[in-house]
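A look at the structure
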Amino acid sequence: MPLLEAIDVHGGYGGMNILNGVDMAIEAEEIGVIVGPNGAGKSTMLKAIFGLLSVTDGDIRLRGEPIANLSPHKLVERGMGFVPQEKNIFPSLSVEENLEMGAFLKPASASRLKQQIYEFFPPLKEKRRQPAGELSGGQRQMVAMGRALMNEPSVLLLDEPTAGLSPRYMNEIFERVKAIAATGVGVLMVEQNAKQALRIAHKGFVLAAGQNRFTDSGEALLNDPQVARSFLGG
Amino acid sequence: MNELIYFFNYVVVAGSVTGCIYAMGAVGVTLIYSILRFAHFAHADMMTLGAFVVLLLTMLFPHAGDALGLPTAIVMLPIGMVFTSLVAVGIDRAFYQPLRTHKVKPIVMVIASLGVTLMLQGLIRLFAGTGAQSLYVDARKEIFRLEVPGITRPIILTEPQVILFVVTIAAVVGLHLFLTRSRLGKAMRAMSDNPDLARASGINTRLIITLTWVIAGSLATLAGTLLSLDVAFKPDLSFFLLLPIFAAAIVGGVGHPFGAIAGGFLVGFAETLAVFNWSVLLRPIRDSLPDWLALPANLALVGTEYKIVVPFFILIAVLIWRPTGIFKGKVI
Ligand SMILES: Nc1ncnc2c1ncn2[C@@H]1O[C@H](COP(=O)(O)OP(=O)(O)O)[C@@H](O)[C@H]1O
Ligand SMILES: [Mg+2]
C-alpha cells in the first residue's frame, strides 16, 4: 500500500475542472517530482491533495485511508505538511516564531523540534530572532520548509521550493529534500528545474492539461527522448 | 506656575485620559481588522454596550464595591467584560461568520457591522433611555488634589482617571506579553500575517477569531466603562467614539496593535490641545502685550462642542498623505 496515493483525481476552482484524472503514488522515503508546463495543474494537484480545493471525482488515500476533501486542518493532524509556492512564511514573525507555528499542534515538542530544524538548516539559527520577511530567498525557503517539518509530517508537499533561487541554493535545497526523505518522509514536490529535480526523484510525474502525460522513475523520464524533447527542453 | 498646573490638568491629564480610551478602542478595531479583514463599525457600540452592562450591574448591586473600597462599577467590570465578550462572539457567530463562509467581499462585512451598530444602539436606547446617567450609583466620585509645594493650584485627578491609567498600562503590558510570548498570541499574529498559511500549519483559526472578539470586547468594555465612570454614561457614547478610534487605528497603521495605542494617544492629545484655552498660558505676559493685541478670553483652536472635527481632519490628512499610517499598516 503506497503512503500517498491519488487515483484519477478530478477537481478545480469552482466551475471549470483543472485536473482531469491525475494518478500519483509515493512510498515513504521516496521523492516524487511533478513537472510539466506552466498552467498544467501542478500546483492545483498539490492543493487538491491538501484539501484546499474540492476533488470532484477520484480518490486520494493516505496509508490506504481516503482523505479527499478533508480540511487542511485535519490533514495536518494526520501528518501532512504543505509548503505553498508563494506566501509560504509569516513575514512579520521571527524565524523562531515561524517554526513554532509549524508545531502549533505539538506545543510540547516545539523546542526539541526547533533544535532539530536549526541543525538541519544552520543559517536559520543565527537569524532566529529576525523577522522572516527580511531574509534572503533561499533562507525564506528554509523557513518555509522548516515550518512544515516542525509538525513531523509523514508526507511533505513542496510547491516549487527552488523557484527563483541561485544554483547554489537550489542544490542546497535538493540536498535537504533528499535528507528529509531519508528520514522516512514521503516527499511530493513540484519543480520547474525539472532535470535537476528528476535526478533526485524516485518517481516522476509529467503533467500536462491536468492529466498524467508520463509516469515513471525519475531516471527513466530523464532518459526518455520523448519526455526530453517535449518537457525538458531537449 | 499656576498656568503650568493648569496646562497639566487640562492637557496632560485630559489628553492622557482621552488617549487611553481611544487606544483601547483602537486596539480592538485593529485586531479585528488584522484577523477578519474588515472595518468593524460596531466597535464603538460595543464600548457603549460594555459600559451599559456595567451600569446595569451597578444599579442592581450598588454597594458591591464598598467592602473593597472601590467604585462598584470597577468591581462589576470583569462581569461586564465577560458579558460583552460573549455578546461579541455571539454577534460574530450569528452575523459575521455566515458571511465569511460565503466568502463575501469585505465591504459586505462592513455593511453588516453597520447593521449591528444600529441594532446595538436601538437595544441600548430601548433599555437605557436617552439621558445621561452616572456610574456612581449611591456613591460619590473621589477626587484627588495633589498639592505642589509653592503653588496654589493643585494637580487634580479623579479616581476613575487613576484607575484608567493603571488599567491601560496593565492592558498594554498584558497584550504585549500575550502577543509576543504566548502560543495563541503568536498564532494570532501569524493569522494576521498569512491566514492561509496559518490554516495550513494547523492553527485553529476559529479559536483565534473567538479570542480576537474576547480581547476586543474586553478592551471595549474597559474603555467604555472607565470613560462613563469619569464623565457619565450616555447611550450615544458611540457617536463620539467611532471616528476617533478609527482615526487612531488608521494613524497607527491598521494591523499594528501598538500603532493603535500610539494613534489613540496622538488623537487624544490632538483633540485636547485643540480645545485647550491657550489664553490662560499667555496671561502672565498679558500686561506686556501691546494694546492692539488684546488677549481674548478664549483662545482655543476649536470650541469643545466641535472637537469631533479634530479626529476627522487627522483621518483625512492621514488618508491623503500616509494611508498606511505611522507604522505602515494595511490600507482599509
Ligand atoms: N485560484 C485559482 N482560481 C481559478 N483558477 C486558477 C486558480 N489558480 C490557478 N488557476 C488555474 O488553474 C490552471 C492550473 O494552474 P496551476 O495549477 O497553478 O498550474 P501550474 O502547473 O503552473 O502550477 C491555470 O489555468 C490557472 O489559471
Ligand atoms: Mg504552480
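Residues numbered from 1 in each chain as written. Chains lettered and ligands numbered in written order. Predicted model: local features only at pLDDT ≥ 70, side-chain atom pairs only at ≥ 80, totals over all residues. Heavy atoms only, no water.

A word on the overall build of chain B. The helix and strand inventory of chain B stands at 12 helices and two strands. Each helix (α) and strand (β) of chain B, taken in turn from the N terminus, gives the series α-α-α-α-β-β-α-α-α-α-α-α-α-α. In terms of C-alpha radius of gyration, chain B reaches 21 Å, essentially the compact-globule figure of 20 Å for 332 residues. Across its three principal axes, chain B shows a C-alpha extent of roughly 70 × 50 × 40 Å. Relative to its 332 residues, chain B shows a buried fraction of 50%. Expressed as a percentage of contacts within chain B between residues at least 6 apart in sequence, the contacts between residues at least 24 apart total 75%. (Helix = DSSP H or I, 4+ residues; strand = E, 2+ residues; numbered from the N terminus. Rg over C-alpha atoms; globule rule 2.2 N^0.38 Å. Buried < 20%, exposed > 50% of the residue type's maximum accessible area, 1.4 Å probe, protein only. Contact = heavy atoms within 4.5 Å.)

Our focus in this paragraph is the interface of chain B and chain A. Counting residues at the interface gives 17 residues for chain B and 20 residues for chain A. A buried area of about 1,700 Å², summed over both sides, lies between chain B and chain A, and 60% of it is on carbon and sulfur atoms. Ranking the residues of chain B by area buried against chain A places Arg183, Asp193 and Leu197 of chain B at the top, with a combined share of 33%. Among the ionic pairs, Glu100 of chain A bridges to Lys186 of chain B, the shortest N-O distance being 2.5 Å. In this structure, the connection of chain B to chain A is made through eight residue pairs in polar contact (both at pLDDT 80 or more). Every element with two or more residues in the side of chain B that touches chain A is listed here: α6 (183-193) and α7 (195-200) of chain B. (Buried area = accessible area lost by both parts, 1.4 Å probe. Salt bridge = Lys/Arg side-chain N within 4 Å of Asp/Glu carboxyl O. Polar contact = N/O pair within 3.5 Å; in protein donor to acceptor, adjacent residues only side chain to side chain.)

Residues and elements named next belong to chain A. Residues in contact with ligand 1, as listed here, are Tyr13, Ile18, Pro37, Asn38, Gly39, Ala40, Gly41, Lys42, Ser43 and Thr44. The separation between an oxygen atom of ligand 1 and a polar main-chain atom of Ala40 is 3.2 Å. In this structure, an oxygen atom belonging to ligand 1 sits 2.7 Å away from a side-chain N or O atom of Ser43. Per-element accounting of the shell around ligand 1 gives the leading share, three residues, to helix α1 (residues 42-49). For the shell around ligand 1, a count of residues per class yields four nonpolar, five polar and one charged. (Near = heavy atom within 4 Å. Nonpolar A, V, L, I, M, F, W, Y, C, P; charged D, E, K, R; others polar.)

Let us now look at the packing of helix α5 (residues 159-181) of chain B against helix α8 (residues 205-230) of chain B. All names here are of chain B. Running from amino to carboxyl end, α5 crosses α8 at an angle of 165 degrees, the nearest separation of the two axes being 9 Å. By the criterion of interaxial angle, the relationship of α5 to α8 is roughly antiparallel. The chirality of how α5 crosses α8 is left-handed. Across from Pro160, Gln161, Ile163, Leu164, Val167, Ala171, Leu175 and Phe178 in α5, the residues of α8 making contact are Leu211, Ile215, Leu219, Leu222, Leu226, Leu229 and Asp230. (Axes fitted to C-alpha atoms, helices over the stretch in contact; angles between N-to-C directions. Parallel < 35°, antiparallel > 145°, perpendicular 65-115°, else oblique. Left-handed = near helix turned anticlockwise from the far one by under 90°.)

Only Ser43 of chain A (OG) and Gln85 of chain A (OE1) from the protein coordinate the magnesium ion (ligand 2), and they sit 2.0 to 2.6 Å from it. Note that Ser43 of chain A is positioned in helix α1 and Gln85 of chain A in the loop between β6 (80-83) and α3 (95-102), a separation of 42 residues in sequence. (Donors = N, O, S within 2.8 Å, 3.2 Å for Na, K, Ca; no water.)

Below, the discussion takes up a nonpolar patch on the surface. Residue and element names in this part refer to chain B. A contiguous nonpolar patch, built from Phe312, Phe313, Ile316, Ile320 and Trp321 and spanning about 600 Å² of accessible area, is present on the exposed surface. Tracing the sequence through the fold places Phe313 in helix α12 (residues 309-321). With relative accessibility at 54%, the residue Phe313 sits in the exposed group. (Patch = residues over 30% accessible without salt bridge, like charges linked within 9 Å, V, L, I, M, F, W, Y side chains within 5 Å. Areas by Shrake-Rupley, 256 points an atom, 1.4 Å probe, with all protein chains shown as cover.)

What follows is about the sheet that holds strand β8 (residues 186-190) of chain A. Through backbone hydrogen bonds, the strands of a sheet pair up, either in parallel or in antiparallel fashion. All names here are of chain A. Read across the open sheet, the six strands follow the order β6-β7-β8-β3-β9-β10; overall the sheet is mixed. At either end of the open sheet lies a strand with only one pairing partner, and these are β6 and β10 (211-217). Each adjacent strand pair in this sheet contributes to an overall mean axis angle of 15 degrees, direction not counted. Direction of pairing for strand β3 (residues 31-35) relative to β8: parallel, over a ladder of four bridges. Bridged to Ile34 within β8 is Val190. Packed on one face of the sheet, helix α7 (residues 167-182) meets β3, β7 (155-159) and β8 and runs near 150 degrees to β8. (Pairing = 2+ DSSP bridges.)

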